[in-house]
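Understanding the architecture of this molecule
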Amino acid sequence: AVLCDGCFVGFKATRTRGETIDNSRPGGGNIGSVGFVVPVLRRQRLFGLQISSLHTRQVSRALSTSRIRRRCSPYVAMRTTVLVTNDDGVQSVLLHELVRKLSDADLDVVVVAPTHDQSACGQKLNMNRNLLLRTHDSTSSAISANTVDKAQFYCLDGSPSDCIIAALEPRNGVLAQLGTHARLVVSGINKGPNLASDVLYSGTFAAARQAGMYGVPSIATSWASYEKLRPSDVDHATDATLRVVTAALRILLEDSGSSSQPLRSELITRDHHRFRPNPPGSSPGDQGQQAVPNGDCPNTVKHLRDGFRHGDLVINLNVPPEWNGRFQPSTLGAMMYRDVLHDIEASDFASASAKSCEDGSPGRVARVVRIGGGGVHVMPDVPNSDTDAVKRGFAALSTLNCWPETHPLQLDPAVMQHALHSSSSKDASGLPLWLDHQPAQTR
């Protein structure tokens, strides 16, 4: 670090390969005139760089305004910002505990979460309606002071997908106004499972998918139980999520060589890793297509990582209450809900009838019903299914396509099949091979 009268004016960071970034030279982003003080507290390794005499959290706070960030060096671009949202609302205990652990891991955390519970809202967007975006100052009663100190909190009176759009829009989103971008989006931790066909309804998974549509890697994470939360459940859910986040950031930073993310408008024109079966009479390379790799292709791990890095793959994590500490790469299981329609009692019926007359809704109220509860029917013996993994105490980790069926950016099933291969590394604890932080070239 370069210090002048106790003020930070620049730094030198040496890459692991011996390259040096110098921020203290004239024109190199000298920010000494801003006049903030950065105490010299420790050395640490950050994203493959050895940063000397720099307290990253205080630098992050000192550089919180867009004006300062624009004058800053490449250091700010290298900061890892994790965007967090959920569908349970900004008051969720699991959200706060996740933010605390991410922040304690020296990650910059920005939260943009729904003001109220938006469970099972799917990919809902509130089109052409005014939405209130509040900072944590106006929601402090809902957020513990300890958590507020560790992240920048915003809440939006919209859906989880609305929150992602409000955060990631490149021109005027929350992160753009803060002068940063999301290296990773984490949606959750949801209170309740998002297994099998739950992903079609889940606001948690929808938010992760919405992030993928912006080209940002994303993880949806859930505590896979409807029981009352215990302290051990919170610990298991947050620990498992942090391990997956750590693995994801490692491979993102190793493989990409850059922390920049493509804007949504750039996704249409970029080259892609798309694999499709070759039409009859064609050969690999026709119409811009590539042959589907066979099971021995050494580049399959790279294809999966590229898909995740571009947002075309979404990780869906479900952590059981009695977690055994290991992960299992999983497909979606088969699960159906029945007996979920309930008639409301007569007193509530009268209240609903009166409300119908007051708001001018047409027609006579025939009955009042509620959807929820009921029975869950799980198809047994589905190989590698998330429902089976959770039942056996594993954290089910499913690698899912962000895009709908037949979309040109969807990865081919022949590639997706390799997402079920577990890493043999002792410290991977069953994580998928493609999430192992060892370089893909060695596979």
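Let me begin by describing the structure that accompanies this report. What you see is a predicted model; the values in this text were computed from it and never measured.

1. Let's talk about the overall build of the protein chain
Within the protein chain, the secondary structure is distributed over 13 helices and 19 strands. Out of the 443 residues belonging to the protein chain, those deemed buried represent 50%. Split by element, the accessible area of the protein chain, about 21,200 Å² in all, is 52% carbon and sulfur.

2. Let's talk about the packing of aromatic side chains
For any two aromatic rings, the description comes down to two numbers: the centre-to-centre distance and the angle of the planes. According to the stated counting rule, one finds two aromatic pairs in the structure shown. Ring centres 5.5 Å apart and planes at 65° place the aromatic pair Trp323 and Phe327 in the edge-to-face group. You'll find Trp323 and Phe327 in the same group, each marked buried.

3. A word on the environment of Ser202
Relative to the helices and strands, Ser202 resides in the loop between β11 (184–191) and α8 (203–213). The buried category is assigned to Ser202, whose relative accessible area is 4%. Expressed as a C-alpha distance, the spacing of Ser202 and Asn190, which sit twelve residues apart in the sequence, is 9.3 Å. In this view, Ser202 contacts Asp87, Gly122 and Asn194; residues no more than four positions away in its chain are not counted.

4. Re the pairing of strand β10 (residues 152–156)
Within β10, four of the five residues are buried, which leaves the element mostly enclosed by the surrounding structure. Both strand β8 (residues 108–114) and β10 contribute to a ladder of five bridges, which runs parallel. In the sheet register, Pro114 faces β10, and the bridge partner there is Leu156. In the sheet, strand β9 (residues 133–135) pairs with β10 via three bridges, with the strands oriented antiparallel. Its bridge partner being in β10, Thr135 is matched across the sheet by Tyr154.

5. Overview of helix α6 (residues 160–168)
Of all nine residues making up α6, seven are buried, and the element is well covered by its neighbours. By the burial criterion, the buried members of α6 are Pro160, Ser161, Asp162, Cys163, Ile164, Ala167 and Leu168. Lining the buried residues of α6 we find β7 (81–85), β8, β10, α7 (174–178), β11 and α8.

6. Examining the packing of α6 against α8
The interhelical angle for the contact between α6 and α8, taken along N-to-C directions, is 30°, at an axis separation of 8 Å. For the element pair α6 / α8, the angle class is roughly parallel. Handedness of the α6/α8 crossing: right-handed. On α8, the residues that touch Pro160, Ser161, Ile164, Ile165 and Leu168 of α6 are Gly203, Ala206, Ala207, Gln210 and Ala211. A class-by-class count of the residues in the contact of α6 with α8 yields seven nonpolar, three polar and no charged.

7. Quick look at the nonpolar core
One finds Val84, Val111, Val244, Phe308, Trp434 and Leu435 to be the most contacted residues of the largest nonpolar core, which totals 49 residues. Top element by residues in this core is helix α9 (residues 231–256). It accounts for ten residues. The residues touching Leu435, leaving out its near neighbours within four places in the chain, are Val244, Ala247, Ala248, Ile251, Ile315 and Leu397. The next biggest cluster of nonpolar side chains, apart from the first, holds 18 residues, and it includes Leu83, Val110, Val112 and Val185.

8. Points about the sheet that holds strand β13 (residues 313–319)
Strands sit in the order β9-β10-β8-β7-β11-β12-β13-β19-β14 across an open sheet of nine strands; the sheet is mixed. Where the open sheet ends on each side, the last strands, each with one partner, are β9 and β14 (327–330). Mean inter-strand twist for the sheet, computed between neighbouring axes without regard to direction, equals 20°. As defined by bridge partners, β7 adjoins β11 across four bridges and the pair is classed as parallel. Bridged to Val84 within β11 is Val186. Where α6 meets the sheet, it contacts β7, β8, β10 and β11, and its direction lies at approximately 155° from that of β7. The sheet contacts of α8 involve β7, β11, β12 (218–223), β13 and β19 (395–401), and relative to β12 the element is tilted by about 175°.

Reading guide: rules and limits
- Residues numbered from 1 in each chain as written.
- Predicted model: local features only at pLDDT ≥ 70, side-chain atom pairs only at ≥ 80, totals over all residues.
- Heavy atoms only, no water.
- Helix = DSSP H or I, 4+ residues; strand = E, 2+ residues; numbered from the N terminus.
- Buried < 20%, exposed > 50% of the residue type's maximum accessible area, 1.4 Å probe, protein only.
- Areas by Shrake-Rupley, 256 points an atom, 1.4 Å probe, with all protein chains shown as cover.
- Phe/Tyr/Trp six-rings, centres within 6.5 Å; stacked < 30°, edge-to-face > 60°.
- Contact = heavy atoms within 4.5 Å.
- Pairing = 2+ DSSP bridges.
- Axes fitted to C-alpha atoms, helices over the stretch in contact; angles between N-to-C directions.
- Parallel < 35°, antiparallel > 145°, perpendicular 65-115°, else oblique.
- Left-handed = near helix turned anticlockwise from the far one by under 90°.
- Nonpolar A, V, L, I, M, F, W, Y, C, P; charged D, E, K, R; others polar.
- Core = buried A, V, L, I, M, F, W, Y, C linked by side-chain atoms within 4.5 Å.

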